[in-house]
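# Observations on chain architecture
Read off the chains here:
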Amino acid sequence: MIMNVLLLLMTQVTTQAVDSGPVERIATTFGVSWPQLLAQVASFCIVCIILYRFAYRPVLKMLDVRRQQIAQGLANAEQIKAELAKTEAQRQEVMARANAQADKLIEEARAAAARVRQQETAKAIAAAEQIMIKGREAAAQEHDHMLAELKREVGRLVVQATATVTGKILTPEDQRRLAEETAKQVAE
Amino acid sequence: MKINKQAKREAKQLFRFCLVNGLLDENRVRNVVQHLVATGRRDCPAILAHFRRLVRLEIVRRTATVESAAPLPPDLRASIEAGLKRRYGPGLSTAFAQRPALIGGMRIQVGSDVFDGSVRAGLEALEKSF
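Residues numbered from 1 in each chain as written. Chains lettered and ligands numbered in written order. Predicted model: local features only at pLDDT ≥ 70, side-chain atom pairs only at ≥ 80, totals over all residues.

Okay, the pairing of strand β3 (residues 63-68) of chain B next. All names here are of chain B. Along β3, the buried face is formed by Ala64, Val66 and Ser68; none of Thr63, Thr65 and Glu67, which line the opposite face, is buried. Relative to strand β4 (residues 93-98), β3 runs parallel, the two being bridged by six bridges. Residue pairing in the sheet places Thr63 in a bridge with Ser93 of β4. You can see the chain leave β3, run along helix α4 (residues 74-88) and come back into β4, and the turn it takes is right-handed. Pairing geometry for β3 and strand β5 (residues 106-110), over five bridges, is antiparallel. Its bridge partner being in β5, Ala64 is matched across the sheet by Val110. (Buried ≥ 20, exposed ≤ 12 C-beta atoms within 10 Å, placed from the backbone. Helix = DSSP H or I, 4+ residues; strand = E, 2+ residues; numbered from the N terminus. Pairing = 2+ DSSP bridges. Right-handed = clockwise from strand over helix to strand, strands pointing away.)

Pasting the structure below:
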């Protein structure tokens, strides 16, 4: 029905244009048919409305949703970035604390090791001194023992040599004198 | 052999019975032994063992052993015997022996008493001092 009205209007306009001035002539020259043009304009508008209604608005809506999502994503990214920075700062702080604690532990361990080394060194020195003292005592004892042994051996050799020589040297007078000395001991 | 106190006491009494003027009488010793054996007592071996020990100690105590490196002249022997009798009384039997191992001098032993004037004894003392 609308289309019929439009066609009637276009027909009237065209009729009036044929009867008009130079514009109508130019339009006639270029083959412009006003009713058709109006019909095309109308159909174009209808198409535009339909497209706007069923294609362009959903697309805009979808784009808006996408824009919001992207904005949300960017905001999330910023938030994540901030949290990451915060976490990084916390990590750095924890690392610094851990490093400080590790340094402290290492220092304490070094101090303890130095203390233990000193103690062990002192013990080793004491043990070495004890060993040296014992060694000296053993050497002195061995020396004394050898000296006594040597003295005994020399004495034995002296006695043996004296016994061998004395028997040959003593004269009968000497023998008598010695016997008389013993007899005097008995008589006293 | 185990010798009890009773056996020792009896052996000592018998030994005293055998002494005459402080000297051991051989006849009495012989008689005592024969008498003990004849009785056949159960403790006879114990008494005899202790009696034998006492007699042996007495004999040793009354015996002088004179050892010398060289033979002793008679006058010196007489002098030694006189000295021993003066010191230990009469009844002392003296035995002389030659022992070259003494090297020089003389050694006299009476019981547990020893008079050692030998060169060997001097050398042994010297060796001990080392």
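This next bit is on the interface of chain A and chain B. Tallying the contact residues gives 24 residues for chain A and 23 residues for chain B. For the side of chain A that touches chain B, the secondary-structure elements that each account for two or more residues are α3 (34-169) and α4 (172-187) of chain A. If one sorts the elements of the side of chain A that touches chain B by residue count, α4(A) sits on top with 13 residues. Here the side of chain A that touches chain B is composed, by residue class, of 10 nonpolar, seven polar and seven charged. (Contact = placed C-beta atoms within 7 Å. Nonpolar A, V, L, I, M, F, W, Y, C, P; charged D, E, K, R; others polar.)

A packed helix pair is summarised by two numbers, namely the angle formed by the two axes and the spacing between the axes. All names here are of chain B. Contact geometry of helix α1 (residues 5-18) with helix α3 (residues 44-61) gives a least axis separation of 8 Å together with a crossing angle of 50°. Taken together, the axis directions place α1 and α3 in an arrangement best described as oblique. The handedness of the crossing between α1 and α3 is right-handed. For the pair α1 and α3, contact is made by Ala7, Lys8, Glu10, Ala11, Lys12, Leu14 and Phe15 and by Ala46, Ile47, His50, Phe51, Leu54 and Val55, respectively. The class makeup of the residues in the contact of α1 with α3 is nine nonpolar, one polar and three charged. (Axes fitted to C-alpha atoms, helices over the stretch in contact; angles between N-to-C directions. Parallel < 35°, antiparallel > 145°, perpendicular 65-115°, else oblique. Left-handed = near helix turned anticlockwise from the far one by under 90°.)

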